[in-house]
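Commentary on secondary and tertiary structure
Each chain, letter by letter, is given below.
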Amino acid sequence: MAGIYEIRRYGKAALLITAAAMVALFLYISNGLVHDLSMQERDRMEIWADATKQIINIGASDEPGAVDLDFLLGIIERNTTIPVLLTDDDGNILQYRNLDLPEPVADNMAAEMSETNRKFLQDKLAELSSTPNVIHIVIAPQTMQHLYYEDSTLLKRLSYYPYVQLLVMLAFIAVVYFAVLSTKKAEQNKVWVGLSKETAHQLGTPISSLMAWMELLPEMGVDRDTVSELNKDVNRLGMIASRFSKIGSRPKMEICDLNETVGNAATYMSSRISPRITLGISLSGGRMDVSACAPLFEWVMENLIKNAVDAIGDNGSISVETHSEECLAVVEVSDSGKGIARKNFKTVFNPGFTTKSRGWGLGLTLAKRIVEQYHGGRIFVKDSTLGSGTTFRIELPLV
């Protein structure tokens, strides 16, 4: 099952790379279109500047009829989209077009205007002076005028459009992703509930039968110590069935001492693991009251200890520690086993993920569900080094 999650991880990476490449291509093409339109606008401004130069030269010429003045004025008047400012060498504004002034004026000349409009044009000139959108018009060897222009509204919109479209695409993908994820989680929950209820139901009948047989064993001459041990195992089976029945519904939460719950689970497991594996228990002094379902939380601890035993193999050590940090009750289970690769710190909690030749890979998934969904806490891999061991950490809110 671990291979499935490796394939899924690489598949997500490939999907992200493909999406990034498509977005980059889309932005490249869009920016190319914007650049082409920008160059067309500059060509128009150069024609506008040339027409302005010829009109000025007509005024200084002795033969004004040599050039079609109406044609040149038509070029000037046809610019209704690109904001422009015409200045002399000293920075005095001579003319402007397509600028929305704060106060209305009669014409496009800057000679007579209010102080408010004058300040607005000066600010606009300072803004345009810092851009490459300027064309220098040589009127005479010692005389120049300067045409500053701003991108048209259409060009501005086109330059923003790719990014707006990108945000819309990302929002759409995010909505679809979370919708699919929510649907998947809902389906998984149904599977968990169905599996848990069916397991509890299937265990119920043989457990009831075993309990009845336990009543007859003393009468059949079976040793009382043997009956006592068998009775413990039958009761244990009953507790397991009860745990499965709680998975499908909201368990009853009660205020309990987490030290006691952890201690009970660790003590139970200490007599059921190999004597070559040392299980150390270090509980914090005093009570650590939390809102919990003790049978389910003991199940979490048993799963963590079992996983630690599997990771260790023949011999090693396991430590179970509890302590409090501010408003949290903390449980840490450490082992000296083979460790977990950092890339699998989150994957180990996925259903079916296991590196063992046997097992369903559901223990840590159940532990995460019990801790986070039922107890409002957190469970995660605090630290792990390949070949040295792993530490799992559980955090629950204190009450």
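To keep things clear, this report deals only with the structure shown in the data block. Note that the coordinates shown come from a computational prediction; the quantities given were computed from them, not determined experimentally.

Quick notes on the rules
Here the residue numbering is sequential within each chain, running from 1 through the sequence in written order. Since the coordinates come from a predicted model, pLDDT governs what is reported: local features require at least 70, and pairs of side-chain atoms require 80 or more to be given and counted, while whole-chain, interface and lining totals use all residues. Side-chain measures here rest on the full set of heavy atoms in the structure, leaving out hydrogens and waters. To get an axis, fit a line to the C-alpha atoms, keeping to the stretch in contact for a helix; angles then go from 0 to 180 degrees between the N-to-C directions. Secondary structure elements are defined from DSSP: runs of H or I of at least 4 residues count as helices, runs of E of at least 2 residues count as strands, and each element is numbered from the N terminus. Throughout this description, any angle smaller than 35 degrees is read as roughly parallel, any larger than 145 degrees as roughly antiparallel, any in the 65 to 115 degree range as roughly perpendicular, and the remainder as oblique. Left-handed describes a crossing whose near helix is turned anticlockwise from the far helix through less than a right angle; right-handed describes the clockwise counterpart. Any two residues having at least one pair of non-hydrogen atoms within 4.5 Å are treated as being in contact. In this count, Pro and Cys sit with the nonpolar residues alongside Ala, Val, Leu, Ile, Met, Phe, Trp and Tyr, while Asp, Glu, Lys and Arg are called charged and the others, Gly among them, polar. Multiplying one less than the number of residues by 1.5 Å gives the expected span of a helix. Buried, partly exposed and exposed residues are distinguished by accessible area as a fraction of the type maximum, computed with a 1.4 Å probe on protein chains only: under 20%, between the cut-offs, and over 50%, respectively. The directions from the helix axis to the C-beta atoms are what the arc is built from. The salt bridge criterion pairs a side-chain nitrogen of Lys or Arg with a carboxyl oxygen of Asp or Glu, the two atoms within 4 Å. Paired strands, as defined in this entry, are two strands with at least two bridges between them according to DSSP. Working definition of a nonpolar core: buried Ala, Val, Leu, Ile, Met, Phe, Trp, Tyr and Cys residues. They are joined through side-chain atoms within 4.5 Å.

Moving on, we come to the packing of helix H6 (residues 258-270) against helix H7 (residues 294-312). At a closest axis distance of 9 Å, the pairing of H6 and H7 adopts a crossing angle of 45°. In terms of orientation, H6 and H7 fall into the oblique class. Here H6 runs over H7; the crossing is right-handed. In contact with Leu258, Thr261, Val262, Asn264, Ala265, Ala266, Tyr268 and Met269 of H6, H7 contributes Ala294, Phe297, Glu298, Met301, Glu302, Ile305 and Lys306. Along the lines of polarity and charge, the residues of the contact of H6 with H7 split into ten nonpolar, two polar and three charged.

With 15 residues, helix H3 (residues 115-129) extends 21 Å from end C-alpha to end C-alpha; this agrees with the ideal 21 Å at 1.5 Å per step. Three or more residues of H3 are buried, namely Asn117, Leu121, Lys124, Leu125 and Leu128. Down the axis, H3 shows its buried residues gathered within 105° of arc, on one side only. What points out from H3, more than 90 degrees from its buried face, is the exposed set Glu115, Lys119 and Ala126. Against the buried residues of H3 lie strand E1 (84-88), strand E2 (93-97) and strand E4 (143-149).

One pass over the structure, following the stated rule, counts 15 salt bridges. Arg42 serves as the salt-bridge partner of Glu46, at 3.8 Å between the closest nitrogen and oxygen. With a gap of four residues between them, Glu46 and Arg42 both fall in helix H1 (residues 2-60), about one helical turn apart. According to the relative accessible area criterion, Glu46 is partly exposed, its value standing at 38%. Arg393 is the salt-bridge partner of Glu395, the closest N and O atoms lying 2.7 Å from each other. A single network of salt bridges, built from pairs that share partners, joins Glu325, Glu332, Arg378, Lys382, Arg393 and Glu395.

On to H7, then. The terminal C-alpha atoms of H7 lie 27 Å apart, and with 19 residues this matches the ideal 27 Å at 1.5 Å per residue to within 8%. Immediately downstream of H7, the backbone of Gly313 shows phi near 90°, a positive value.

All right, on to the sheet that holds E2 then. Strand order in the open sheet formed by four strands is E2-E1-E4-E3, and the pairing between neighbours is antiparallel. The open sheet has two edge strands, E2 and strand E3 (134-140), and neither has a second partner. For this sheet the average axis-to-axis angle between neighbouring strands, irrespective of direction, equals 20°. With four bridges connecting them, E1 and E2 associate as antiparallel partners. Paired with Thr87 across the strands is Ile93, a residue of E2. This element, H3, spans E1, E2 and E4 of the sheet and lies at about 90° to E1.

We now examine the nonpolar core. The biggest cluster of nonpolar side chains holds 45 residues, and the ones touching the most others in it are Leu258, Phe297, Met301, Leu304, Ile318 and Ile394. Top contributing element to this core by residue count: H7, with ten residues. Leaving out residues up to four positions away in the same chain, Met301 has contacts with Val262, Ala265, Val320, Val331, Val333 and Ile394. One finds Ile58, Leu72, Ile82 and Leu147 within the second-largest nonpolar core, a separate group that totals 16 residues.

Attention now moves to the packing of H7 against helix H8 (residues 363-374). Direction vectors running N to C along H7 and H8 enclose 145°, while the axes themselves pass 9 Å from each other. The way H7 lies across H8 gives a crossing that is left-handed. Each of Leu296, Phe297, Trp299, Val300, Asn303, Leu304 and Asn307 in H7 lies in contact with H8, whose residues at this interface are Gly363, Leu364, Leu366, Ala367, Ile370, Val371 and Tyr374. Along the lines of polarity and charge, the residues of the contact of H7 with H8 split into eleven nonpolar, three polar and no charged.

With mixed pairing, the five strands of this open sheet are ordered in space as E6-E8-E9-E11-E10. Looking along the sheet, the strands with just one partner apiece sit at the ends: strand E6 (277-282) and strand E10 (378-385). Adjacent strand axes in the sheet meet at a mean angle of 15° when their direction is disregarded. Bridging between E10 and strand E11 (residues 389-397) involves seven bridges; their strand directions are antiparallel. The residue bridging Phe380 from the neighbouring strand is Arg393, located in E11. Taken strand by strand, H7 contacts E6, strand E8 (316-325), strand E9 (328-335), E10 and E11, and its axis lies near 145° from that of E8. Across the sheet, H8 touches E10 and E11, and the angle it forms with E10 is around 135°.

Among the secondary structure elements, Trp299 is positioned in helix H7. Classification of Trp299 as buried rests on a relative accessible area of 9%. Spatially, the C-alpha atom of Trp299 lies 9.9 Å from that of Val262, the residues being 37 residues apart in sequence.

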